[in-house]
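# Residue-level structural notes
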Amino acid sequence: MIRPQREDDRDAVRRVVAAAFGDDGLHVVELLGALDGAGRTRVDLVAEVDGAVVGHVRLSQSWVDAREALVEVLVLSPLAVVPAAQGRGVGTALLAAAVEAARDAGTPAVFLEGSPDFYAARGWQRGSAHGFARPSTRIPDAAFQVVVLDAWEPWMVGPLVYCDPFWALDAVGLRDPLLTTVEQMFDS
Ligand SMILES: CC(C)(COP(=O)(O)OP(=O)(O)OC[C@H]1O[C@@H](n2cnc3c(N)ncnc32)[C@H](O)[C@@H]1OP(=O)(O)O)[C@@H](O)C(=O)NCCC(=O)NCCS
């Protein structure tokens, strides 16, 4: 079952995110808190199985810096499923529910950084194919993904500008040596 996160889910969500992201877990948990503190959180959904929270997805506010105006958009990050529940469709269901929530909110586009194999199979496309620019060249082009929704208009293109917590916590893109390894993967 996918449902909005409740206040009393907060600890369970932190545990889910920490478990899903392994060595990076605490850093990602810190990002959740920083987005809340900065007032940028827009949607939190959880996946529940047998009464336990096993997955979570967050949408937060960012902007596309279009020539005519700043356009409010959403960034999907993080998406997390506890290792024991992975591979059973929970992540896919959370992703679909988050996109629906963004559509219902009248958002023109949702962005994320992630594996093109996983996300392209679920309807996501390269941001650059639509005229969006990455907020950092440390996000490989193939990993900069977007879903364009009903409220999007053709002038709403330009660079994605992440809200401050992503920068304050150095949570944008990859850094070397991992960056070089991933770039080589995409080139080959
Ligand atoms: C990525 C993640 C959310 C997927 O959740 P899930 O419930 O296992 O996903 P589903 O069961 O719906 O789908 C399984 C698919 O995910 C793929 N997958 C699992 N982990 C993945 C990963 N880290 N990167 C890319 N693909 C991954 C599986 O290969 C499978 O692909 P297929 O359906 O094309 O064969 C989950 O594995 C997770 O929490 N990983 C750690 C945190 C993370 O990397 N989050 C995403 C950041 S962009």
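The coordinates are above.
The written sequence of each chain sets the order in which its residues are numbered from 1. In keeping with the model being predicted, local features are shown solely for residues with a pLDDT of at least 70 and side-chain atom pairs are shown and tallied solely at 80 or more, while totals for entire chains, interfaces and linings include all residues. The side-chain numbers reported here are obtained from all heavy atoms of the structure, hydrogens and water having been left aside.

## Describing the overall build of the protein
Assigned secondary structure in the protein consists of six helices and nine strands. Radius of gyration here uses only the C-alpha atoms, and the compact-globule reference equals 2.2 Å multiplied by the residue count raised to the power 0.38. The C-alpha atoms of the protein give 16 Å as radius of gyration, which agrees with the globular expectation for 188 residues (16 Å, within 12%). In terms of its C-alpha atoms, the protein occupies a principal-axis envelope of roughly 45 × 40 × 30 Å. Counting only contacts in the protein whose residues sit at least 6 apart along the sequence, the fraction spanning at least 24 positions is 65%. Looking at the protein as shown, the accessible area adds up to about 9400 Å², and 52% of this sits on carbon and sulfur atoms. His is not counted, nor are the chain ends, whereas Lys and Arg count as positive and Asp and Glu as negative. To locate a charge, take atom NZ for lysine, CZ for arginine, CG for aspartate or CD for glutamate. Separation between the mean location of the 16 positive side-chain charges and that of the 26 negative ones in the protein comes to 2 Å. Secondary structure elements follow DSSP: runs of H or I of four or more residues count as helices, runs of E of two or more count as strands, with numbering from the N terminus. Throughout, a residue-residue contact means that at least one pair of heavy atoms, one from each residue, lies within 4.5 Å. Each accessible area is a Shrake-Rupley estimate made with a 1.4 Å probe; only the visible protein chains count as cover when residues are assessed.

## Considerations on the site of the ligand
A cutoff of 4 Å decides nearness: a residue is near a molecule or strand if any of its heavy atoms lies inside that distance of it. Close to the ligand lie 17 residues; V81, G87, G89, G91 and T92 are nearest. Any pair of N or O atoms that falls within 3.5 Å is considered a polar contact. Within protein, one atom must be able to donate a hydrogen and the other to accept it, and sequence-neighbouring residues count only if both atoms are side-chain atoms. At a separation of 2.5 Å, an oxygen atom of the ligand approaches a polar side-chain atom of T92. R122 is positioned such that a nitrogen or oxygen atom in its side chain is 3.0 Å from an oxygen atom of the ligand. Broken down by secondary-structure element, the contributors of at least two residues to the shell around the ligand are β4 (70-81), α3 (90-104) and α4 (116-120).

## Brief notes about the pattern of salt bridges
We define a salt bridge as a side-chain nitrogen of Lys or Arg found within 4 Å of a carboxyl oxygen belonging to Asp or Glu. Under the definition given, this model contains 12 salt bridges. Note that D8 and R6 form a salt bridge whose closest N and O atoms lie 3.2 Å from each other. Working definition: with a 1.4 Å probe on protein chains only, accessible area under 20% of the residue-type maximum means buried, over 50% means exposed, and in between means partly exposed. Under the relative-accessibility criterion, D8 is labelled exposed at 60%. Judged by relative accessible area, R6 falls into the partly exposed class, the value being 44%. Each member of the salt-bridge network shares a partner with another, and the members are E7, R10, D36, D44 and R58.

## A word on the pairing of strand β2 (residues 41-49)
Should DSSP find at least two bridges between two strands, the strands are regarded as paired. Taken together, the three bridges between strand β1 (residues 2-4) and β2 define a ladder with antiparallel strand orientation. What sits directly across from R3, in β2, is V46. The sheet contact formed by β2 and strand β3 (residues 52-65) spans eight bridges and is antiparallel. When the bridges of β3 are listed, V43 appears paired with L59.

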